[in-house]
Amino acid sequence: MAASGNDEDPQVQEMEEEEEEETAGQEREMESEDEGEMGVEGTNEDDDEEDSSDDDKENEAEIQRLEEQLSINAYDYNCHVDLIKLLRQEGELVRLRRARQKMSELFPLTEEIWLDWLRDEMRVAEDEDDREKVCELFEKAIKDYICPEVWLEYSQYSIGGIGKPGGIDSARAIFESALTAVGLHITKGASIWEAYREFENVILQATQPPPGSIPTQEQQKALNSQMERIHTIFRRQLAIPSFAMETTYTEYEEWSEKPVPDTVVLNYKKALQQMEKSKPFEEALLVADSPKLAEYQSYIDYEMKEGDPARIQIIFERALSENCLVPDLWAKYTQYLDRQLKIKDMVLSAHERAVRNCPWTIGLWKNYLLALERHGSEHKTVSDTFDKAINAGFIQATDYVDIWQAYLDYLRRRVDFSKESSKELEELRSTYARALEYIKQDVEERFSESGDPSCTIMQNWARIEASHCKNIQKARELWDSIMTKGNAKYANMWLEYYNLERSHGDVQHCRKALHRAVQFTSDYPEHVCEVLLAFERVEGTLEDWDTAIQKMEVKLNRVNEQRAKVAEKEAQFAKQEEEKAEQRRKAKADKKAQKKAQKSGRAGEKHKAEEEEEEEDEWGVETDVHSGVTFQEQPRKKHKGEKDPSAMEGAEDAAMETEVGLHGRKSETPAAQKSRAVAAAAKQVQQVVHDSRKDNVTVFVSNLSFSLENLEEKLKEIFEGCGPVEQIRPIYKRGMFRGYCYVQFENQNSAAEALKLDRKEIEGRPMFVSPSVDKSKNPDFKVFKYSTSMEKHKIFISGLPFSCTKEQLEEMCKEHGIIKDIRLVTNRSGKPKGLAYVEFENDSQASGAVLKMDGMVFQDHTLKVAISNPPRRNLPEQPDTSKPQGSLIPRQVYGARGKGRTQLSLLPWSLHRQSVLETKAENGTVQGQLEKSGLEPLEAPALKPMSNADFSRMLLKK
C-alpha cells in the first residue's frame, strides 16, 4: 500500500517486482484456462454471441427509455440509479460518467454510489492529469456526507503521489482532514488512524539508514522527527474514545521503546471512561434496524448535554448519513451550527446539503438564505440560492409566499433608505412586482389558490413605501389593489389601512378610509363604526360628526335587518324540524298501537315452548354462551317495505294451529315442528357456559359466515393442526349462529399456535383469531394487531383499483426500495377497499416512495400516497367504580324496546339490576370490577324466558 512511488527503498522495489511477476503468472494461467474452455465450448460460441447480442439490444433500449424519462423529469432519483447501473454493466464509461455527473448535480450521492464512481475512475486513471481529476472527484464526494469509507479510500489513494515533490505533505494533509472529519467516529474512525500510522511507518522505514551504516546528524534528526510524529499519532488516538482503544494501547506499548508517559495514560483512562458512557448508545445502534432514527436522537440528546462540539457534530453527521430525508434532523443540526459553532464553511455546507436532501421543506430554504446573509455571502450567491428554492417544488401555495417574503426581507435589509434612489431600492421594488406576478400566475395556476389571501406581500410593500420611501401615493395604490382582491369586507384590513394613513398620511384620507370601511365591512361593522366616531371626536367638526352618525345609523340598520332575516330563516327551519319530529313521534305511536292490536287479536293459547320462543323474540332475550349472561337486545330496525315481524308471526301461528281439544293440539305442521326443534337446539346450546379459568387454552374466533355449514367439523379440521381440540363452542342467537365461537384446546401451546391462523380465509371470508381475555379484568387489552402511531418506514396508498393484486403492487413499489411487507386492506367479507400498506426497509425509502408515487396514475386510478399514520381507535369508556352502588347502573339511552330515554321502560327493575351487574363483555363479566370496588354483588336467580302472564304477575306484585 505504502511505497508505490518511493524509488529510494530497495525493499519496496523488491516487493513490487515480486508482485508484478505473480500478477503476470496469474494472467498467463487465466489465458490458458480461457483457451481450454474455448476449445471445449467452441460449439456453443455462436449461441452465446446471439444471446449476448439480444441482451445488449434490450439493455440499450432500456437505457434509451431511462434517458427519455429523465429528460421529462430530471428529479426522478430511482431512474438515475437504474441508468447508472445499466451503463456500468454495459461498460459505457463516457455515458456513465455523464449520467453520474448529472445525478450529483441534483442529489447528494450515497457512499456506495460514490465508491463505485471513484473506483471506476481510479481504474482508468493513467497520467497525472487523470489523477488530478480523481482527486477533484474525491473532494466533491467528501462534501455530501461524512463517509469513513470514502475518506479511507481518498487517504490511501493520496499515498500513490508521494513520489512527486510535495507528495508526502499532500498525503499528510489529506490524512489530517480525514481525522478531523471522521476521526471521532467511535466504530469506524480507528481505520483512518491505523492507515495514517501505517503511512508514517513506511516513511520511517524509508528514512532508516542502510544496515551497518552510521546515520549522519541530518539523518538522525529526520529519523527522530519521524519517530516523534508516530508517537504523536498514537497519543492523539489514545485520547479519543474508540471500540479498539485497548488494542491500540497494546500496539503502542509494543512499538514504543520507552514506557508510555503518565499524561498519555491519564488521557487514555479518561477516554475509556467516556467510552463506557457512550457504549450503551453505540450498542443500541449496532442492534437497531436502519435508519435508527430514535436511537440517533437519544445519542444526539446525550452529546448535546455533554457539550463537546466536535462530538456533537460527528453524531449529527452519522445520523444524517442514514436519515438524510428527515427535515427536522437537518433543521436541528443547522440550528446548532448557526447558534453554537458559527464557522462559515461548516455552517453553509450543512445548509446546502440540507436543501439538497430535502428540497421540498420551506423552513430549510429560509434558514439557508438567512445563513448566507449572516455570513456575508455575495449577493449573486444569495440570489442564485433563491432561484433554486422557487424551483424546488414545494407542496403548498403558502410555501412560495414564505420564500418570496424571506428573499424580499433580505433585499430590504440591503437598501440604504437615506438615499433617495439607489440600485438596491430599484431591485427591491422590481422584486416585489416580480413576486406578485409569480404568485398571480404560477402559484394560482398550480394550486388553484394564491397562498396569500390577505396580500401580506403587498401590505409589506405598502408599508415600506410609506414608511421608508415617503411615497404614500404608491402605498395607497397598493392598498386599493389589496381591497379589490376580496378584502374589503374585513374590518381588520380597513383598520390596517387606516393605521397606515394615520401614521404617514393625512386626516382627509383617514376619514375617507373609515367611511369606506363603514360602507363595505360585513364581519365587524360595529367595531369600524366605533373607530370612526373615535376619530371624529379628535379630528372632526360638527358636520363631520353628523355625517359619521348618519353613515353609522344607515349601516347598522341595514346590518340589523339582514341579521333579523337570517334569524327568521333559522327560526322557520327550526320550526319545520320540530314539526317533522312531531310527525315521526305520532307515526311511531300509531305504529305501536297498531302492533298491540294485532297481537291482542291472536287466536288460541300457544304451547309452552312456542310461548317461550315468542317471548324471546318479543323482548330480545338471549344468553351469551361465553359469559353466561342473559341480556336484552334492541329490536331490529324494520326496513322500508318490510312487513311487521309480529304480524307475520301471528299469521304463521294461526296457519300452523288447528282446533284444540281437551288433550292439546290435534296436529302440527312441519314448520311448527322445525320451529320447536330450533328452540330446543338453542336451549341445548345455552346450557354450555364459558369457563374463564380456561382462557389460557382458548381462542376467540370471529367474522365467520352465519350460513357456515358443518361448523364444528370444519373448525375442528382447521384447528387440529395446532394441537388437540377439546371443545368448540359456537354462539347462537334464537337458534341462529352469530358468526363467532370459542375453540378450547388441551394445552396452552396449541392456543398460541392457533393465533397464527388469524386472517385465514374460510369460504371467502377472513377468519379473525384472537386471545380469549376477560376484558373486565384486562381493560387495556387490545385485539387490534396493527400500529396506530406514525410508521415512517411504511406508506399508506389509497385510490387503488379493487382488482389490484399484491404482486402488481409489489412490482410498482419495489423500484423505490426493499419491500418487507404488503397488506391490502379488505372489509370483513374479504373484499378489497382500494387501500394498502407497504412497509419498506427504512424511512428514507418510504419517504422517497411518497415523493415519487403520490399522484401517479395506475390503471386509470390516481393514487394518493402518504406516510402511514393510522388514526387511534376509540376505546370504550370504563365504568366508574368509585361512585356509590347505584351509580354502577349506567344511564340508559334507549329503553327495553328501543324507546327514547324519557319514555317509560317496561322492563322490571330486577332485570335491570341483573343485566347491569352481569353486563356482557368480550371474554368475561364485570364481576371482578365489583369485587375490586368493595361492593357486594347483587344476588339474583338465574333468569329463564318468561311468558306475558309471568311479567304481569311481576309488575302487579306488591
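Residues numbered from 1 in each chain as written. Predicted model: local features only at pLDDT ≥ 70, side-chain atom pairs only at ≥ 80, totals over all residues. Heavy atoms only, no water.

**Q** I'd like a rundown of the overall build of the protein, residues and numbers included.
**A** A count of helices and strands for the protein gives 36 helices and 15 strands. Here the protein holds 958 residues, and the buried ones make up 39% of them. Across the protein, contacts joining residues at least 24 apart in sequence account for 62% of those joining residues at least 6 apart. (Helix = DSSP H or I, 4+ residues; strand = E, 2+ residues; numbered from the N terminus. Buried < 20%, exposed > 50% of the residue type's maximum accessible area, 1.4 Å probe, protein only. Contact = heavy atoms within 4.5 Å.)

**Q** Give a detailed account of the side chain of D399, specifying residues and quantitative values.
**A** Tracing the chain through its elements places D399 in helix 19 (residues 397-414). It turns out D399 is buried and unbridged, and the closest side chain with the opposite charge, K366, is 8.1 Å from it. With residues near it in sequence (within four places) discarded, D399 still touches I362 and F394. (Lys, Arg positive; Asp, Glu negative; His and termini not counted. Salt bridge = Lys/Arg side-chain N within 4 Å of Asp/Glu carboxyl O.)

**Q** Mind laying out the packing of aromatic side chains, listing which residues take part and the relevant values?
**A** One pass over the structure, following the stated rule, counts 30 aromatic pairs. The interplanar angle of 10° and the centroid separation of 4.7 Å between the aromatic rings of F138 and Y154 together place this pair among those described as stacked. Here F138 is found in helix 6 (residues 128-141), whereas its partner Y154 is found in helix 7 (residues 148-159), with 16 residues between them in sequence. Of the two residues, F138 and Y154, both sit in the buried class. Ring pairing ties together the aromatic residues F386, F394, Y400, W404, Y407, Y410, Y438 and F447, which thus form one cluster. Between the NZ or CZ atom of R131 and the centre of the ring of Y157, over which it lies, the distance is 4.4 Å. (Phe/Tyr/Trp six-rings, centres within 6.5 Å; stacked < 30°, edge-to-face > 60°. Lys NZ or Arg CZ within 6 Å of the ring centre and 35° of its normal.)

**Q** Outline helix 18 (residues 379-390), supporting the account with residue identities and numerical values.
**A** The terminal C-alpha atoms of helix 18 lie 17 Å apart, and with 12 residues this matches the ideal 16 Å at 1.5 Å per residue to within 8%. Of the residues making up helix 18, those classed as buried are V382, S383, T385, F386, A389 and I390. An end-on view of helix 18 places all buried positions within 160° of arc, on one side of the element. Turned more than 90 degrees from where helix 18 packs its buried face, K380 and K388 sit exposed. Looking at the buried residues of helix 18, the elements they touch are helix 17 (362-374), helix 19 and helix 20 (423-447). (Expected span 1.5 Å × (residues − 1). Arc of directions from axis to C-beta.)

**Q** So what's going on with unusual backbone geometry? Which residues, and what values?
**A** For residues besides glycine, phi is generally negative; the peptide bonds are generally trans as well. In the segment running from S290 into P291, the intervening peptide bond is cis, with an omega of 5°. On the secondary structure map, P291 appears in the loop between helix 12 (262-287) and helix 13 (293-306). For K292, which is not a glycine, the phi torsion comes out positive at approximately 60°. Turning to its location among the elements, K292 is positioned in the loop between helix 12 and helix 13. One non-glycine residue with positive phi stands out, namely Q859, at about 50°.

**Q** Describe the packing of helix 15 (residues 327-341) against helix 17, naming the residues involved and giving the relevant values.
**A** Two numbers describe how helix 15 lies on helix 17: the axes approach to 11 Å, and their chain directions differ by 15°. For the element pair helix 15 / helix 17, the angle class is roughly parallel. For the pair helix 15 and helix 17, the sense of crossing is left-handed. Across the interface between the two elements, P327, W330, A331 and D338 of helix 15 pack against L364, A371 and R374 of helix 17. Its residues assigned to classes, the contact of helix 15 with helix 17 comprises 5 nonpolar, no polar and 2 charged. (Axes fitted to C-alpha atoms, helices over the stretch in contact; angles between N-to-C directions. Parallel < 35°, antiparallel > 145°, perpendicular 65-115°, else oblique. Left-handed = near helix turned anticlockwise from the far one by under 90°. Nonpolar A, V, L, I, M, F, W, Y, C, P; charged D, E, K, R; others polar.)

**Q** Got a sec to walk through the sheet that holds strand 15 (residues 864-868)? Specific residues and values, please.
**A** What the 4 strands build is an open sheet, ordered 11-12-10-15; its pairing is antiparallel. Looking along the sheet, the strands with just one partner apiece sit at the ends: strand 11 (819-826) and strand 15. For this sheet, the mean inter-axis angle between neighbouring strands, taken without regard to orientation, is 25°. Judged from the 7 bridges that link them, strand 11 and strand 12 (residues 832-840) form a sheet pairing that is antiparallel. Its bridge partner being in strand 12, D821 is matched across the sheet by E839. Strands strand 10 (791-798), strand 11 and strand 12 of the sheet are contacted by helix 32 (residues 806-813), whose axis makes an angle of about 135° with strand 11. (Pairing = 2+ DSSP bridges.)

**Q** Run through the packing of helix 9 (residues 189-207) against helix 10 (residues 217-238), naming residues and quoting values.
**A** Two elements in contact, helix 9 and helix 10, have axes whose closest approach is 10 Å; the angle formed by their N-to-C orientations is 170°. The angle between helix 9 and helix 10 places the two elements in the roughly antiparallel class. Between helix 9 and helix 10, the residues in contact are A190, W193, Y196, R197, E200, N201, I203, L204 and T207 and A222, L223, Q226, M227, R229, I230, I233, F234, R236 and Q237, respectively. The class makeup of the residues in the contact of helix 9 with helix 10 is 11 nonpolar, 4 polar and 4 charged.

**Q** For the sheet that holds strand 9 (residues 765-771), give the residues involved together with the corresponding values.
**A** In space, the 5 strands of this open sheet follow the order 6-7-5-9-8, with antiparallel pairing throughout. Only two strands of the sheet have a single neighbouring strand rather than two, namely strand 6 (725-733) and strand 8 (760-762). Mean inter-strand twist for the sheet, computed between neighbouring axes without regard to direction, equals 30°. Pairing of strand 6 with strand 7 (residues 736-745), which is carried by 7 bridges, proceeds in the antiparallel orientation. Each residue of the ladder has a partner; that of K733, found in strand 7, is M736. Packing against the sheet, helix 30 (residues 711-719) makes contact with strand 5 (698-702), strand 6, strand 7, strand 8 and strand 9, and its axis sits at approximately 140° to strand 6.

**Q** So what's going on with the nonpolar core? Which residues, and what values?
**A** Residues V150 and I403 are the most contacted members of the largest nonpolar core, which totals 157 residues. Looking at this core element by element, the count peaks at 10 residues for helix 19. Leaving out residues up to four positions away in the same chain, I403 has contacts with I362, W365, K366, L369, F386, A389, I390 and F394. Membership of the second largest hydrophobic core comes to 20 residues, among which are L711, L715, V725 and I728. (Core = buried A, V, L, I, M, F, W, Y, C linked by side-chain atoms within 4.5 Å.)

**Q** Could you give me a rundown of the pairing of strand 5, with the residues and numbers involved?
**A** In the case of a regular strand, side chains alternate between the two sheet surfaces. Most of strand 5 is tucked away, with 5 of its 5 residues classed as buried. The two faces of strand 5 match: T698, F700 and S702 on one face and V699 and V701 on the other face are all buried. Bridge analysis of strand 5 against strand 7 gives 4 bridges, and the strand direction is antiparallel. Considered in strand 7, the bridge of V701 is made with C741.

**Q** Any details on helix 22 (residues 472-487)? Residues and values, ideally.
**A** Every buried residue of helix 22 is listed here: I472, A475, R476, L478, W479, I482, M483 and N487. In an axial view of helix 22, the angular spread of the buried residues amounts to 160°, which keeps them on one side of the axis. Buried-residue contacts for helix 22 involve helix 21 (456-467), helix 23 (491-504) and helix 24 (507-520).

**Q** Report on the pairing of strand 10, specifying residues and quantitative values.
**A** Sheet topology places strand 10 next to strand 15; 5 bridges connect them, and they run antiparallel. Bridging across to strand 15, I797 finds its partner in V865. Pairing between strand 10 and strand 12: 5 bridges, direction antiparallel. Each bridged residue has a counterpart across the sheet, and for F796 the counterpart in strand 12 is Y837.

**Q** Explain the environment of S191 to me, using residue names and the numbers behind them.
**A** Mapped onto the elements of the fold, S191 is located in helix 9. Accessibility expressed as a relative area gives 28% for S191, which makes it partly exposed. In this structure the C-alpha to C-alpha distance between S191 and L152, which are 39 residues apart in sequence, comes to 7.5 Å. In terms of polar contacts, S191 uses its side chain to reach the backbone carbonyl oxygen of K188, at 2.8 Å. (Polar contact = N/O pair within 3.5 Å; in protein donor to acceptor, adjacent residues only side chain to side chain.)

**Q** Before we move on, can you summarise the confidence of the model for the protein with the specific residues and values?
**A** Scored by pLDDT, the protein comes out at a mean of 79, with 74% of its residues at no less than 70. Taken element by element, the predicted model of the protein shows its lowest mean pLDDT in strand 3 (residues 660-661) (34) and its highest in helix 17 (97). Of the regions scoring below 50 in pLDDT, residues 681-687 engages in 7 contacts with residues more than four places distant in sequence or in other chains. Under a pLDDT of 50 for its full length, residues 873-944 has, in the predicted model, 100 contacts with residues more than four places off or in other chains. (pLDDT = per-residue confidence, 0-100.)

**Q** How would you summarise the pattern of salt bridges if you had to cite specific residues and measurements?
**A** What the rule picks out here adds up to 43 salt bridges. For K332, the salt bridge goes to D301, with nearest N and O atoms at 3.1 Å. Residue K332 is found in helix 15, and its partner D301 is found in helix 13; the two are separated by 31 residues along the sequence. Among the residues examined, K332 registers a relative accessible area of 27% and is labelled partly exposed. A cluster of three or more residues bridged by salt bridges with shared partners is formed by R88, R100, D116, D120 and R123.

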